[in-house]
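Structure assessment
This is what each chain is made of:
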Amino acid sequence: MPQQRFSRQPDAAGKLRVSFEFFPPKTDAMEARLWETVQRLEPLAPSFVSVTYGAGGSTRERTARTVKRILDETTLTPAAHMTCVDASSEDVDQVVGEFVEMGVKRFVALRGDPSAGVGAAYRPYPGGYANGAELVGAMKRQGDFDISVSAYPEKHPESPDFATDIDMLKRKVDNGATRAITQFFFDNDHYERYVERARRAGIYIPIVPGVLPIHNFTQVANFAGRCGASIPGWLAERFAGLEDEPQIHALVASAVAAEQVLDLMERGIDDFHFYTMNRADLVFAVCHMIGIRPRVRTGVEQPAAA
């Protein structure tokens, strides 16, 4: 008999881990939507949730407020993003210290995009950390934190080649990174080849695929073009003609994201990081399709059967 697919095995969900990324809201309406999303996804018991941080601390107060509220009002474990764009090393160290005082022990350490936007030339801030590797090293000197870093299956757009890109990841790992979370991608072969390159370079930390459910294909395609992520022709074809069909677009988006995750599961991946865009429905749907269910409170929480 043919072997049953891993993703269809009854106990598959028990072997999976998920984490979610949120961004700090800019308006009251956006804040309301964020907390609806947090409350909707919290029962899925992610291993952690991350909160982004703008270049040069442009969202510093909003990020801190969001992280504090997650700590105070939910059972979730927040990971605060840190960048080194447009900030001195002293400023960065101070912000890390403020998060630690708040109770944060997890971070996502990133060089960050230039303040002029994705695609603009990056210039290290005078007296600041030059890149993500330096940032990780500095944070490790402040405490034994759990630190996630970025990885790029199609290489960072500023890297001249994959060797340079992998070398930067190796430097982050040597300085104390706990795991890498990838830029979003839509061709799983890119991810698999990237992991193979990393392993050949002696990088053995988890490399967690970053999954982006497509809420708006046009916006995602435009952003992908700026950050070096490719849009396969078959993917564009699936969303063609759905600009004015939001319900159908959402159905297709959930199917595409679930297809990607299920294929990664068949390739042996059991840890996924979802870029939620502060929206719950598509992420919740994908988690449901891979067997992750809300936990049931019965005194002591236990995972519900898939």
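Details of the structure are given in the entry above.
Figured I'd write up the structure that's included with this text. Everything numeric here is computed off the predicted structure, so don't read it as measured data.

The next point concerns the side chain of S150. With respect to the helices and strands, the residue S150 is situated in strand β5 (residues 146-151). In terms of polar contacts, S150 uses its side chain to reach the side chain of Y152, at 3.4 Å. Only 3.1 Å separates the side chain of S150 from the side chain of K172, close enough to count as a polar contact. Look past the residues within four positions of S150 in its chain and what remains in contact with it is A109, L110, L169, K172 and I181.

Before going further, it helps to spend a moment on the nonpolar core. Note on soluble globular proteins: their nonpolar side chains tend to be buried together. Ranked by internal contacts, the top residues of the largest apolar core, which has 66 residues, are F20, M82, F107, M139, F272 and F274. Considering every element that reaches this core, the biggest residue donor is helix α9 (residues 246-266), with five residues. With residues up to four places along the chain from it excluded, the contact list for M139 reads M82, V96, F107, A109, F145 and I147. The next biggest cluster of nonpolar side chains, apart from the first, holds 20 residues, and it includes L212, I214, V220 and C227.

By the criterion of burial, strand β9 (residues 271-275) is predominantly enclosed, with five of the five residues buried. By the alternation rule, side chains of β9 split into D271, H273 and Y275 and F272 and F274, which are all buried. As paired strands, strand β1 (residues 17-22) and β9 are joined by five bridges and run parallel to one another. When the sheet's bridge partners are listed, R17 is paired in β9 with D271. Note: strand β8 (residues 210-211) against β9, two bridges, orientation parallel. By the bridge assignment, V211 is partnered in β9 with F274.

Calculation criteria
- Residues numbered from 1 in each chain as written.
- Predicted model: local features only at pLDDT ≥ 70, side-chain atom pairs only at ≥ 80, totals over all residues.
- Heavy atoms only, no water.
- Helix = DSSP H or I, 4+ residues; strand = E, 2+ residues; numbered from the N terminus.
- Polar contact = N/O pair within 3.5 Å; in protein donor to acceptor, adjacent residues only side chain to side chain.
- Contact = heavy atoms within 4.5 Å.
- Core = buried A, V, L, I, M, F, W, Y, C linked by side-chain atoms within 4.5 Å.
- Buried < 20%, exposed > 50% of the residue type's maximum accessible area, 1.4 Å probe, protein only.
- Pairing = 2+ DSSP bridges.

The quantities given are spatial measurements derived from coordinates; they are silent on function.
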